[in-house]
Amino acid sequence: MALTSVFFKNHGINLALVLLILLNIGNSSAQLSADFYSKSCPQLFTTVKSVVHKAIQREARMGASLLRLFFHDCFVNGCDASVLLDDTSSFTGEKRAVPNLNSARGFDVVDKIKSAVEKVCPGVVSCADALAIAARDSVVILGGPNWGVKLGRRDARTASQAAANNSIPPPTSNLNSLISRFNALGLSTKDMVALSGSHTIGQARCTSFRARIYNETNLDRSLAKTRQGNCPRPNGVGDNNLAPLDQTPTTFDNNYFNSLLNRRGLLHSDQQLFNGGSTDSIVRTYSKNMDVFKSDFAVAMIKMGDIRPLTGSNGEIRKNCRRLN
Ligand code: HEM
Ligand SMILES: *[C@@H]1O[C@H](CO)[C@@H](O)[C@H](O)[C@H]1NC(C)=O
Ligand SMILES: *[C@@H]1O[C@H](CO)[C@@H](O)[C@H](O)[C@H]1NC(C)=O
């Protein structure tokens, strides 16, 4: 500490700047930028948005599914489109990992986005970037905040089912585990709560909330009864039956946080955020103030999108998001 301050005093502001630049070289996300394709693919944003818009018009849930795909990409060895790779006879991808099997969806829409982008700028835009833009567009179309998506990611030449099994938090997680998993990826506790606000849109399968609706007591009785009506108690019966994650599953609002205050979180992990612990105050803030939630959410999405991207000459620009070139 004493050493560094002497250092700065003697060499002044220029040296401090050089040090800052050096520190940034170790951080590959510093290479992502909002204007990465502004010369090479000026039609990129309108092209992606038009496909996402059509997909959400056809099925409103698709916005939620695309947002979740981006999360499941970024949490497994970084935002590198690894989640999009299909299995082959010699290769096991992430699609059949526990958190994705019978659950992750939207791959066909990603294909449509990629084909449309390939038509206007062949071989230029990565699948990882296309997914990052699609997630943002989905949030905007469903009423959520907008943000400038940082770009320049490249696509992985590999995927890891083991990492997908282990890196995506399960709905049985308790608060400490949620906090530490997000912290390990550079996301703060506040980021974790804001990002969990994604559950303001979309659906969950019975198997993801069965234990909660039959066994947990920090759950509104009438919601438990209603959800039990379409989610039978025995394991294996109605596992894929769906229920909305909050009361307004096609609107990106702060109703998810109001639900938590009323003990109406659907997943065990949802209610952990408001269960007498350290995140209660953040949930209260977001339930009272939609704008604070939306702005924290946008900040946290940019941070999540910065997780370990492949840049420069690493990885590749896949032609088809489902397979290596
Ligand atoms: C905090 C830890 C998290 C846990 C434990 C968790 C868990 C889950 C589970 C179990 C489902 C239902 C899956 C199913 O039953 O098929 C789900 C759905 C969803 N999750 Fe999360 N999630 C978390 C964080 C996030 C984050 C950070 C995002 C996005 C940034 C996100 C976005 C979504 C969306 C949009 C859906 C609905 C998807 C659809 O309807 O297709 N989740 N999540
Ligand atoms: C992922 O988990 C599933 C279910 O437990 C298991 O069958 C599969 O072998 C796991 N994959 C790896 C690579 O560990
Ligand atoms: C509820 O908890 C009991 C005791 O831990 C367990 O045996 C049972 O399988 C649980 N029920 C559900 C639906 O998860």
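See the structure shown above.
If you're wondering where the values come from, they're calculated on a predicted model, not measured in any experiment.

Rules of the game
Residues numbered from 1 in each chain as written. Chains lettered and ligands numbered in written order. Predicted model: local features only at pLDDT ≥ 70, side-chain atom pairs only at ≥ 80, totals over all residues. Heavy atoms only, no water. 1 Å grid on protein atoms, 1.4 Å probe; cavity = no way out; pocket = protein on both sides within 12 Å on 5 of 7 lines; lining within 4 Å. Points joined across faces, edges and corners; volume = space filled by probe spheres on them. Helix = DSSP H or I, 4+ residues; strand = E, 2+ residues; numbered from the N terminus. Nonpolar A, V, L, I, M, F, W, Y, C, P; charged D, E, K, R; others polar. Domains from an automatic or database assignment. Near = heavy atom within 4 Å. Polar contact = N/O pair within 3.5 Å; in protein donor to acceptor, adjacent residues only side chain to side chain. Areas by Shrake-Rupley, 256 points an atom, 1.4 Å probe, with all protein chains shown as cover. Donors = N, O, S within 2.8 Å, 3.2 Å for Na, K, Ca; no water. Phe/Tyr/Trp six-rings, centres within 6.5 Å; stacked < 30°, edge-to-face > 60°. Buried < 20%, exposed > 50% of the residue type's maximum accessible area, 1.4 Å probe, protein only. Lys NZ or Arg CZ within 6 Å of the ring centre and 35° of its normal. Disulfide = S-S within 2.5 Å.

### Some remarks on the layout of surface pockets
Part 1: Estimated volume of the largest pocket: approximately 1,000 Å³.
Part 2: In terms of lining residues, the largest pocket is bounded by 45 residues, among which Arg68, Phe71, His72, His199 and Leu267 are the most central.
Part 3: Secondary-structure elements contributing two or more residues to the lining of the largest pocket are α3 (61-74), α7 (175-184), α8 (189-196), β1 (203-205), α9 (206-215), α12 (268-272) and α14 (290-305).
Part 4: Residue contributions to the lining of the largest pocket peak at eight residues, all from α3.
Part 5: Within the lining of the largest pocket, the residues separate by chemical class into 26 nonpolar, 14 polar and five charged.
Part 6: Structurally, the lining of the largest pocket is a two-domain feature, drawing no fewer than three residues from each of domain 1 (44-168) and domain 2 (175-301).

### Describing the site of ligand 2
Part 1: Val98, Gln161, Ala162 and Asn165 make up every residue found near ligand 2.
Part 2: A distance of 2.9 Å is found between a nitrogen atom of ligand 2 and a side-chain nitrogen or oxygen belonging to Gln161.
Part 3: Take Asn165: an N or O atom from its side chain is 2.3 Å from an oxygen atom of ligand 2.
Part 4: The protein chains hide 37% of the 360 Å² of surface that ligand 2 would expose on its own.
Part 5: Here the residues of the shell around ligand 2 sort into two nonpolar, two polar and no charged.

### Re the coordination of the iron atom of ligand 1
Part 1: Exactly one protein atom donates to the iron atom of ligand 1; that atom is His199 (NE2), 2.1 Å from the metal.
Part 2: Of note, His199 is situated in the loop between α8 and β1.

### Some remarks on the packing of aromatic side chains
Part 1: Here the structure, examined in full by the defined rule, presents 11 aromatic pairs.
Part 2: Between Phe71 and Phe75, the aromatic rings sit 4.7 Å apart at their centres with planes inclined by 70 degrees, giving edge-to-face as the arrangement.
Part 3: With a relative accessible area of 21%, Phe71 lands in the partly exposed category.
Part 4: Accessibility expressed as a relative area gives 3% for Phe75, which makes it buried.
Part 5: Each member of the aromatic cluster is reached from another via a ring pair, and the members are Trp147, Phe252, Tyr256, Phe257, Tyr286, Phe293 and Phe297.
Part 6: It is Lys95 that lies over the ring of Phe107; its NZ or CZ is 4.2 Å from the centre.

### Remarks on the state of the cysteines
Part 1: Under the criterion given, the structure shown has four disulfides.
Part 2: Between the sulfur atoms of Cys41 and its disulfide partner Cys121 the distance amounts to 1.9 Å. The sign of the S-S torsion, about 65 degrees, decides the handedness of the disulfide formed by Cys41 and Cys121: right-handed. Here Cys41 is found in the loop between α1 (2-25) and α2 (44-58), whereas its partner Cys121 is found in the loop between α4 (107-120) and α5 (127-141), with 80 residues between them in sequence.

### Quick word on the site of ligand 3
Part 1: Lining the immediate environment of ligand 3, one finds Arg210, Ala211, Tyr214 and Asn215.
Part 2: Here an oxygen atom of ligand 3 sits 2.2 Å away from a polar atom, N or O, in the side chain of Asn215.
Part 3: Surface burial for ligand 3 is 38%, taken as the share of its 360 Å² of free accessible area covered by protein chains.
Part 4: Considered class by class, the residues forming the shell around ligand 3 number two nonpolar, one polar and one charged.

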